Amino acid sequence: MTAPFDDKLHEECGVFGVFGHDDAPALTALGLHALQHRGQEAAGIVAFDGNHFTAERHVGLVGDIFGNDGHVAKLKGRNTIGHVRYSTTGGSVVRNVQPLFADLTGGGLALAHNGNLTNARQLRRQLVAEGAIFQSTSDTETIIHLAARSHYEPIVEKLIDALKRVEGAYSLVALTSKKLIGVRDPYGVRPLVLGKLDNAFILASETCALDIIGAEFVRDIAAGEMVVITKEGIESHKPFPPKPNRFCIFEYVYFARPDSSVEGRNVYDVRKAIGAELAHEAPAAADMVIPVPDSGVPAALGFAEASGLPFELGIIRNHYVGRTFIEPSDTIRHLGVKLKHNANRAKLKGKRIVLVDDSIVRGTTSKKIVEMVRDAGATEVHFRIASPPTTHSCFYGVDTPNKEDLLAHRMNLTGMRDFINADSLAFISMDGLYRAVGEAKRLSGAPQFCDACFSGDYPVEPTDSREFRRQLSFLAEVV
Ligand code: SF4
């Protein structure tokens, strides 16, 4: 469900796993709490105690689910995996909440997945024709069905066999009775890191989830790598044909937490560097730089430093709005963006401002924010965007509107500037973004990252339409 008053792309999931710690369930709850920004609709943990798997999967925020009502205490065992989920449309239903679990020949398998399979439709049709009965609409269950039908042994080989048939983006964690497994798809689109806490191994979508439990960062799981963690230690496998690395560049722009490091780069530093590049590419004659909080803050700092303009908090964000108004009445909807953001009038009155945000999706919020700062007395508004124009939908685990609803797909730069009513509008160039992440430039035809929502250059051509995904979500609600 898209949060009201929010015109952002949304990461759809975060994953976490622990192998060999007495407090594994509580550590997993904390890890998921640190990954809450990757999914706010539901969360779940599966634990294994040497004999039995136990699961707690619920709709809601991690703190509400695992904070104090005893769900953590019901989870037993030193090995766990967990998941936070953002659902794309409609309400969340518990059977879609991960980790999913199934008893296969050879033992139990729990699975949690961040990403999106681009051939899920074909696979699902085939599996249903063969007699598979799906309980959920998630891609994760497709992987489980494929593993269940595999003739390979043991379960790790079944999982490899299943993953060789899927296409798209996945960073997943899996738990068997003896193993914690972490896998990244061959393109490495979504992040996954390895950490250690005492003698326990940790897997997490981002390093901020290691920090919260005091774990040490060991390394990123490589693109196409499977790590298998047992009592004996950790093994690394490369079971898939190698592909060019296409890590999601939008993780640096918006998705990942600024205190995380992904693929060797600190996210906060990259965002500041993007702001500095923007200041060089698109300077503005102005009195101050104002971020759209929170996501525009690091880029605005970088812009201010590079341009020599003062940085001010001209817009204040209310951090406590959100779920309370998830089904807003007309009266509340009318308040719109003001529920979340308020102009700091004393700073804005009579000033020419550079307004910095991370991206423009539909443009509806941007338009209202420009209106708000003008109403507060800003005399000029120069809008600077810390990503190239978002012209294409994402098929790799990020909730994006249809292409036709993206402002940059519908309009050219002048049209967008007029639509949001800014005095000037500029987006960072693709090469500028690549420079900010430490590359000399984007290699045309062979980009070093996935940047498909800016370029349309998809690492794997999607075979599933967004319409198919919407139908799946609809089915989840009515079945
Ligand atoms: Fe990331 Fe955009 Fe690629 Fe999706 S299409 S994985 S959001 S860069």
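Now for a quick tour of the structure. Remember, predicted model here, so these are calculated numbers, not experimental data.

1. With respect to the side chain of H83
Logical step 1: Considering the arrangement of structural elements, one finds H83 in strand β5 (residues 79–85).
Logical step 2: At 2.9 Å, the side chain of H83 and the backbone oxygen of H113 are in polar contact.
Logical step 3: What H83 contacts, discounting residues up to four positions off in sequence, is C13, G14, V15, L32, A42, A43, G44, Q98, P99, A112 and H113.

2. Some details on the pattern of salt bridges
Logical step 1: This model, assessed by the stated rule, comprises 22 salt bridges.
Logical step 2: Its salt-bridge partner being E277, residue R435 comes within 3.1 Å of it at the nearest N-O pair. On the criterion of sequence distance, the pair formed by R435 in helix α16 (residues 430–436) and E277 in helix α9 (residues 267–281) is long-range, its members being 158 residues apart.
Logical step 3: With relative accessibility at 35%, the residue R435 sits in the partly exposed group.
Logical step 4: Exposure remark for E277: the relative accessible area of 16% places this residue in the buried category.
Logical step 5: Taken together, the shared-partner salt bridges connect R38, R190, E206 and E251 into one network.

3. Quick look at the nonpolar core
Logical step 1: Ranked by size, the top nonpolar core spans 48 residues in total, and within it I249, F250, Y252, I274, V289, V354 and Y396 carry the most contacts.
Logical step 2: Elements with a contribution of two residues or more to this core: β15 (247–248), α8 (250–255), α9, α10 (297–307), β21 (352–357), α16, β25 (449–450) and α17 (452–455).
Logical step 3: Top element by residues in this core is α9. It accounts for five residues.
Logical step 4: Not counting chain neighbours up to four residues away, the residues in contact with Y396 comprise G115, N116, T118, A169, V189, R190, C450, Y458, P459 and V460.

4. So, the environment of V218
Logical step 1: Considering the arrangement of structural elements, one finds V218 in strand β12 (residues 216–220).
Logical step 2: On a C-alpha basis, the gap between V218 and V193 in space is 7.7 Å, while along the polypeptide they are 25 residues apart.
Logical step 3: Those residues within four positions of V218 in sequence are excluded, and the remaining contacts are L194, G195 and K196.

5. Observations concerning the sheet that holds strand β22 (residues 380–385)
Logical step 1: Spatially, the four strands line up as an open sheet ordered β18-β21-β22-β24, and their pairing is parallel. Across the chains shown, the open sheet's two edge strands, defined by having one partner strand only, are β18 (288–291) and β24 (424–427). Each adjacent strand pair in this sheet contributes to an overall mean axis angle of 25 degrees, direction not counted.
Logical step 2: Across six bridges, the pairing between β21 and β22 is parallel. Paired with V356 across the bridge in β22 is R384.
Logical step 3: Packing of α10 onto the sheet brings it into contact with β18, β21 and β22, and relative to β18 it is tilted by some 170 degrees.

6. Thoughts on the packing of helix α4 (residues 120–129) against helix α5 (residues 139–149)
Logical step 1: Contact geometry of α4 with α5 gives a least axis separation of 10 Å together with a crossing angle of 50 degrees. The orientation of α4 relative to α5 falls into the category oblique. In this structure, α4 crosses over α5, and the sense of that crossing is left-handed. Within the contact between the two elements, α4 uses A120, L123 and L127 and α5 uses D139, T142, H145, L146 and R149.
Logical step 2: Of the residues assigned to the contact of α4 with α5, the class counts are four nonpolar, two polar and two charged.

7. A look at the packing of aromatic side chains
Logical step 1: One pass over the full model with this rule turns up 10 aromatic pairs.
Logical step 2: Ring geometry for F53 versus F101: centroids 4.8 Å apart, planes at 45 degrees, classification tilted. Linking F53 in strand β4 (residues 53–59) with F101 in strand β6 (residues 100–104), this pair joins segments that are 48 residues apart in sequence.
Logical step 3: Overall, the relative accessible area of 37% leaves F101 in the partly exposed class.
Logical step 4: Taking the centre distance of 6.2 Å and the plane angle of 65 degrees together, the rings of Y396 and Y458 count as edge-to-face. Taken together, the residues span a long stretch of sequence, with Y396 in the loop between β22 and β23 (398–399) and Y458 in the loop between α17 and α18 (466–478) at a distance of 62 residues. Y458 matches Y396 in its accessibility class, with the two residues each being buried.
Logical step 5: Aromatic rings pair up to connect F247, Y252, Y434 and F449 into one cluster.

Rules and cut-offs
- Residues numbered from 1 in each chain as written.
- Predicted model: local features only at pLDDT ≥ 70, side-chain atom pairs only at ≥ 80, totals over all residues.
- Heavy atoms only, no water.
- Helix = DSSP H or I, 4+ residues; strand = E, 2+ residues; numbered from the N terminus.
- Polar contact = N/O pair within 3.5 Å; in protein donor to acceptor, adjacent residues only side chain to side chain.
- Contact = heavy atoms within 4.5 Å.
- Salt bridge = Lys/Arg side-chain N within 4 Å of Asp/Glu carboxyl O.
- Buried < 20%, exposed > 50% of the residue type's maximum accessible area, 1.4 Å probe, protein only.
- Core = buried A, V, L, I, M, F, W, Y, C linked by side-chain atoms within 4.5 Å.
- Pairing = 2+ DSSP bridges.
- Axes fitted to C-alpha atoms, helices over the stretch in contact; angles between N-to-C directions.
- Parallel < 35°, antiparallel > 145°, perpendicular 65-115°, else oblique.
- Left-handed = near helix turned anticlockwise from the far one by under 90°.
- Nonpolar A, V, L, I, M, F, W, Y, C, P; charged D, E, K, R; others polar.
- Phe/Tyr/Trp six-rings, centres within 6.5 Å; stacked < 30°, edge-to-face > 60°.

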